[in-house]
Every structure is written in C-alpha cells, then in structure tokens.
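The chain contents come next:
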Amino acid sequence: YRDDDDINDVASMAGVNLNEESARIMATNSDLVGTQIQSCKDEPFLAAIPLHKRILEMAKKLGITDVPAEVVTFISHATQNRLRTVIEKVTVITQHRMESYKDDEWYEQATDVRSQLKFFEQLERLEKQRKDEQEREILLKAAKSRSRQEDPEQARLKQKAKEMQQQELAQMRQRDANLTALAAIGPRKKRKLDSPGLLTIGGEGLGMSGGSQAGLGTPSSRQYARQKITRVNLRDFIFYMEQEREMNHSLLLYRALLK
C-alpha cells in the first residue's frame, strides 16, 4: 500500500483492502456506470393558458400586472398535490366506513340501531293497523244503520263506507287476476345463456361438458377478476372537511351541510 494515501494504513489495520472494495462496487453497479440520468418532462396538471388568465385576473385586483410562467407551473403542481392528498384521505375514510366489524372477535356489539328502528316501525305499523280497523268498524256500523232521519255526517260516513268496500273488492279482484296470470304463465324457465354448460355464439348453442370442449369458444363458467370500486359520497367529504383545520370553519363545509 505504498502508492496509496496515509488513510489506507487505518483501513489496512482493520483488514480492509480499498482496491478490492472499489472493484467489487464497480462490478455490482456496472450497469449504472456511464449512464446518464435526466428528469422527465415537466407536464402541468392544469391547462396553462386558462390558469394563467385566471391568475392574472386575481392579481390585477392586488395591483400585480405580470405573473411569470413559473408561477403558473408551481400553482398547477400545488393543485395536483393538494387534490392527490384530498383523494387519498377521503379514500381512507370511505374504506373505514365500508369495513364491517360484525364478525371480528375483538369487537363486541353494544347497540343495534337498525333493529331498534325496525321495532319502532313495527309498532307504528301495528298502531296504524289498529286505527284503520277502528275506522273500518265505524264505517261498517254507519253503513248498516237504517235510521229514517239521517244527518249529513251519517250520509258522509255511508258514502265513505261504500267507497271503502268498492276499493277492497277491486283489490281482491286484482289479486285474483295476478294469481291467475302467474298460474297460467307457469314457473320461470332458466335462460340458455345462464346455464353453466352452454355457450351461445351467433345464435347457435355450443355444448360444453367438464374438461372437453365442443366447437369453438371458452367455457362460460370462467370467472373474471372484478376490480374493487370505492364509492365516495358527500358524507365522507363532510367528515374530511370537519377534520381538516383549514376547512372545518369554511363556507364550503356549511354549504355541504345544507345539501
């Protein structure tokens, strides 16, 4: 190591040969030696001309007459970055909303609001049915009364009872007609396209069974991978704006809450 610097003395004392290490590094990254790396073309996210025009309109109100193109490019990239951040956060919120913890062993159900709402709806339905039965009994009694001197209220109740009976008779006839039509049609037959062993091409059926294949075509039982779609609604955006410090008191949030 006489031709090397004095620092090699420390490396040689540690048992490290710098020449061998340099050769090993060059051999490892040999594909990168001599290559030239340059940045990609700067593509603006927004249309430059309309954006520049809008920026100039806003700048004139503040007394600024000239806005360079670099500012337009910077604002375009900032908009793209901001939109990407918003989409990522709202997507996470939507995924959390769509998660189901019903079958998770680490969670225990405390309340079931859906069952409670169904119970109250059933109570309201029973109450409405009871009131309808009482009104029906009153109307039937009024229709059966044979008093000679009838007041206008009694006549109105009789007319209403008559209309109710006619409506019930029409509903019974409609129900009987529907049942007769369903009995005449018979059970619904399965379409040939739905059958797992038949593939229709150009109006001609090609039978397929097991691993064999008759004619042309592929088995219809092949399943294609469906891409999972994350649907974001207005409630997710409202939750996102409520969590953001710069948007939780904005006019946009209040407008969204009013919709």
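- You'll find the protein chain entered in an unreviewed UniProt entry as TAF4 factor, with Oreotrochilus melanogaster given as the organism.
- The Sequence similarities (unreviewed entry) comment attached to the protein chain in UniProt states, word for word, "Belongs to the TAF4 family."
- Under the UniProt heading Subcellular location (unreviewed entry), the note attached to the protein chain is "Nucleus".

### Structural notes on the overall build of the protein chain
At step 1: The number of helices and strands found in the protein chain is 8 helices and 3 strands.
At step 2: Across the protein chain, helices and strands are ordered from the amino to the carboxyl terminus as α-α-α-α-α-α-β-β-β-α-α.
At step 3: Among the 259 residues that make up the protein chain, the fraction classed as buried is 12%.
At step 4: Counted over contacts in the protein chain with a minimum sequence separation of 6, partners at least 24 positions apart contribute 41%.
At step 5: Total accessible area on the protein chain stands at roughly 23500 Å², and carbon and sulfur atoms take up 55% of it.

### What to know about the confidence of the model for the protein chain
At step 1: Per-residue confidence for the protein chain averages 77 on the pLDDT scale, and 72% of its residues sit at or above 70.
At step 2: Considering only residues more than four positions removed or in separate chains, one finds that residues 194-217, a stretch of pLDDT under 50, has 31 contacts.

### Comments concerning the nonpolar core
At step 1: V86, V90, I93, I238, Y240, M241, M247, L253 and A256 form the largest nonpolar core, which has 9 residues in total.
At step 2: If you list the elements that add at least two residues to this core, you get helix 4 (69-98), helix 7 (234-243) and helix 8 (251-258).
At step 3: Residues contacting I238, with those up to four places away along its chain left out, are L253, A256 and L257.

### So, the packing of helix 5 (residues 113-144) against helix 6 (residues 152-185)
At step 1: Helix 6 packs onto helix 5 with a crossing angle of 115° between their chain directions and a minimal axis gap of 8 Å. Between helix 5 and helix 6, the interaxial angle falls into the category roughly perpendicular. In this structure, the crossing between helix 5 and helix 6 has a hand that is left-handed. Along the contact surface, helix 5 presents E135, R136, L139, L140, A142 and A143, while helix 6 presents Q154, L157, K158, K160, A161, M164, Q165 and E168.
At step 2: Considering only residue class, the contact of helix 5 with helix 6 consists of 7 nonpolar, 2 polar and 5 charged.

### With respect to helix 7
At step 1: Those residues of helix 7 not exposed but buried are D236, I238, Y240 and M241.
At step 2: The inward-facing, buried residues of helix 7 contact helix 4 and helix 8.

### A closer look at the pattern of salt bridges
At step 1: As enumerated under the stated definition, the model contains 7 salt bridges in all.
At step 2: Linking D132 and K128 is a salt bridge whose minimum nitrogen-to-oxygen distance equals 3.3 Å. With D132 and K128 both in helix 5 and 4 residues apart, this pair spans about one turn of that helix.
At step 3: As a salt-bridge pair, K160 and E135 come within 2.9 Å of each other at their nearest N and O atoms. On the criterion of sequence distance, the pair formed by K160 in helix 6 and E135 in helix 5 is long-range, its members being 25 residues apart.
At step 4: When its relative accessible area of 34% is taken as the criterion, E135 is described as partly exposed.

Thresholds, definitions, all that
- Residues numbered from 1 in each chain as written.
- Predicted model: local features only at pLDDT ≥ 70, side-chain atom pairs only at ≥ 80, totals over all residues.
- Heavy atoms only, no water.
- UniProt positions renumbered as here; feature names shortened; annotations may be inferred.
- Helix = DSSP H or I, 4+ residues; strand = E, 2+ residues; numbered from the N terminus.
- Buried < 20%, exposed > 50% of the residue type's maximum accessible area, 1.4 Å probe, protein only.
- Contact = heavy atoms within 4.5 Å.
- Areas by Shrake-Rupley, 256 points an atom, 1.4 Å probe, with all protein chains shown as cover.
- pLDDT = per-residue confidence, 0-100.
- Core = buried A, V, L, I, M, F, W, Y, C linked by side-chain atoms within 4.5 Å.
- Axes fitted to C-alpha atoms, helices over the stretch in contact; angles between N-to-C directions.
- Parallel < 35°, antiparallel > 145°, perpendicular 65-115°, else oblique.
- Left-handed = near helix turned anticlockwise from the far one by under 90°.
- Nonpolar A, V, L, I, M, F, W, Y, C, P; charged D, E, K, R; others polar.
- Salt bridge = Lys/Arg side-chain N within 4 Å of Asp/Glu carboxyl O.

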